[in-house]
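# Structural overview for review
Residues per chain, in single letters:
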Amino acid sequence: DDMVSATWIAVVAATCQGFRPVVAPARRHVARSAAVEEVSLAATQQLVSLAVVAVAEGAWSTTFNGATVDKAVKYLGPSAASAVILVAASGSVSSGVAASMTPGLAASSVACLGLLASYIRRLFVEDKEAPPKELVAVLAAIAFFGLSTALQSFFAAGIVDVPAPFDGPKPVVDGFPALTEGTFQEDADPSDALL
């Protein structure tokens, strides 16, 4: 054991002797938006994954402490209904065409909102046979992220535009220079600001 430890210490010491931190050069061109196809692929994967997780959790919660029809309606019902909508909507979401993605994203938003509401309801209803509240809280957060994915995909795919900033005359405040075009240097080296 001492021989192995000494060997590893020697290897780590030899590796670290020539270590110098490497700083990557600043990017000149930053990606501003993703292509509609990329948004489509990411949204589809995330929303279908949410459907799988929701159904798995609903089935597990139904069988937790013994399965009954009442528990299936409470736990598996909302999960299965949301999953059916999410999977059915995935066809239009995965199309990669903004116009045909709209109905699928709208349906996915409604399904995620319903799933989130069912989890929030489960957090506040006392049920001795229910799964732990911590698990339900994590699933509520996952459903919220699914809703966020569906809603932000409207913007990322260019279906809904963000309003442009005010393009009128710029206000001038006494003591401060007016902001005009060309005030900022696009290709400035960010490391100069640190000196």
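These lines cover the structure that appears in this document, whether it is placed above or below. (Residues numbered from 1 in each chain as written. Predicted model: local features only at pLDDT ≥ 70, side-chain atom pairs only at ≥ 80, totals over all residues. Heavy atoms only, no water.)

### So, helix α5 (residues 133–156)
Test applied: Here a helix means four or more residues in a row that DSSP labels H or I, a strand means two or more in a row labelled E, and each is numbered from the N terminus. Under the convention used throughout, the expected extent of a helix is 1.5 Å for every residue step, that is, one less than its residue count. Throughout, a residue-residue contact means that at least one pair of heavy atoms, one from each residue, lies within 4.5 Å.
Look at α5: 34 Å from first C-alpha to last across 24 residues, which is about the 34 Å you get at 1.5 Å a residue. As for α5, its buried residues are in contact with α2 (36–63) and α4 (98–124). Trailing α5 by a residue or two, Gly-158 shows a phi angle of about 80°, which is positive.

### So, the nonpolar core
Selection rule: Nine residue types can take part in a nonpolar core, namely buried Ala, Val, Leu, Ile, Met, Phe, Trp, Tyr and Cys, and a core is a set of them joined through side-chain atoms within 4.5 Å. Remark: exposure states derive from per-residue accessible area (1.4 Å probe, protein chains only) relative to the maximum for the residue type, with buried under 20%, exposed over 50%, and partly exposed in between.
In this structure, Leu-86, Cys-112, Leu-115 and Tyr-119 are the most contacted members of the largest nonpolar core, which totals 17 residues. At the level of secondary structure, the elements contributing two or more residues to this core comprise α2, α3 (69–93), α4 and α5. Here this core gets six residues from one element, more than from any other, and that element is α5. Contacts of Cys-112, omitting those with residues within four sequence positions, involve Leu-47, Leu-50, Leu-86, Ala-143, Gly-146 and Leu-147.

### Observations concerning the environment of Ala-42
Following the sequence through the fold, Ala-42 ends up in helix α2. The spatial distance from the C-alpha of Ala-42 to the C-alpha of Ser-153 is 9.1 Å, given a sequence separation of 111 residues.

### Some details on the packing of α4 against α5
Which entries qualify depends on this criterion: The convention used is that axes are lines fitted to C-alpha atoms, helices contributing only their stretch in contact, and that angles between N-to-C directions extend from 0 to 180 degrees. Oblique is the label for any angle not covered by the other classes, which are roughly parallel (under 35 degrees), roughly antiparallel (over 145) and roughly perpendicular (65 to 115). Helix crossings fall into two classes, left-handed where the near helix is turned counterclockwise from the far one by less than a right angle and right-handed where it is turned clockwise. Residues are grouped as follows: nonpolar covers Ala, Val, Leu, Ile, Met, Phe, Trp, Tyr, Cys and Pro; charged covers Asp, Glu, Lys and Arg; every other residue, Gly included, is treated as polar.
At a minimum axis distance of 8 Å, the contact between α4 and α5 shows a crossing angle of 160°. Judged on the interaxial angle alone, α5 and α4 are roughly antiparallel. As for the relative orientation of α4 and α5, their crossing is left-handed in sense. Classifying every residue of the contact of α4 with α5 by side-chain character gives 19 nonpolar, five polar and two charged.

### As for the side chain of Ser-40
Our working rule: N or O atoms within 3.5 Å of each other form a polar contact, as long as, within protein, one can give a hydrogen and the other can take it, and as long as residues adjacent in sequence are counted only when both atoms are side-chain atoms.
Within the element layout of this structure, Ser-40 appears in helix α2. Within the structure, Ser-40 has its side chain in polar contact with the backbone oxygen of Val-93 (distance 2.6 Å). If near-sequence neighbours (up to four positions away) are discounted, Ser-40 is found in contact with Val-93, Ser-94, Ser-95, Gly-96 and Met-101.

### Side note on a nonpolar patch on the surface
In plain terms, the rule: In this scheme, patches are assembled from residues that exceed 30% relative accessible area and form no salt bridge. Like charges are connected within 9 Å, while nonpolar side chains (Val, Leu, Ile, Met, Phe, Trp, Tyr) are connected within 5 Å. Per-residue accessibility takes into account occlusion by the displayed protein chains alone, with areas from the Shrake-Rupley method and a 1.4 Å probe. Any carboxyl oxygen of Asp or Glu within 4 Å of a side-chain nitrogen of Lys or Arg constitutes a salt bridge here.
On the surface, Val-53, Val-138 and Ile-142 cluster together into a nonpolar patch covering about 210 Å² of accessible area. With respect to the element layout, Val-138 can be found in helix α5.

### Brief notes about the packing of aromatic side chains
Put simply, the rule is: Only Phe, Tyr and Trp rings are paired, with Trp represented by its six-membered ring, and only when their centres lie within 6.5 Å; those with planes under 30 degrees apart are stacked, over 60 edge-to-face, the remainder tilted.
Tallied over the entire structure, the rule returns two aromatic pairs. Taken together, a centroid distance of 5.0 Å and an interplanar angle of 45° make the contact between Trp-60 and Phe-64 tilted. A relative accessible area of 23% places Phe-64 in the partly exposed class.

### Here's the deal with the pattern of salt bridges
According to the stated counting rule, one finds three salt bridges in the structure shown. Ionic pairing is found between Asp-70 and Lys-74, a salt bridge with its closest N-O pair at 3.7 Å. Placement of both Asp-70 and Lys-74 in helix α3 is noted, with a separation of four residues, approximately one turn of the helix. Of the residues examined, Lys-74 reaches a relative accessible area of 25% and is grouped as partly exposed. Between Asp-127 and Lys-74 there is a salt bridge whose closest N-O contact spans 2.9 Å. Linking Asp-127 in the loop between α4 and α5 with Lys-74 in helix α3, this pair joins segments that are 53 residues apart in sequence. Residue Asp-127 is classed as partly exposed on the basis of its relative accessible area, which comes to 25%. Look at the salt bridges and you will find they share partners, linking Asp-70, Lys-74 and Asp-127 into a network.

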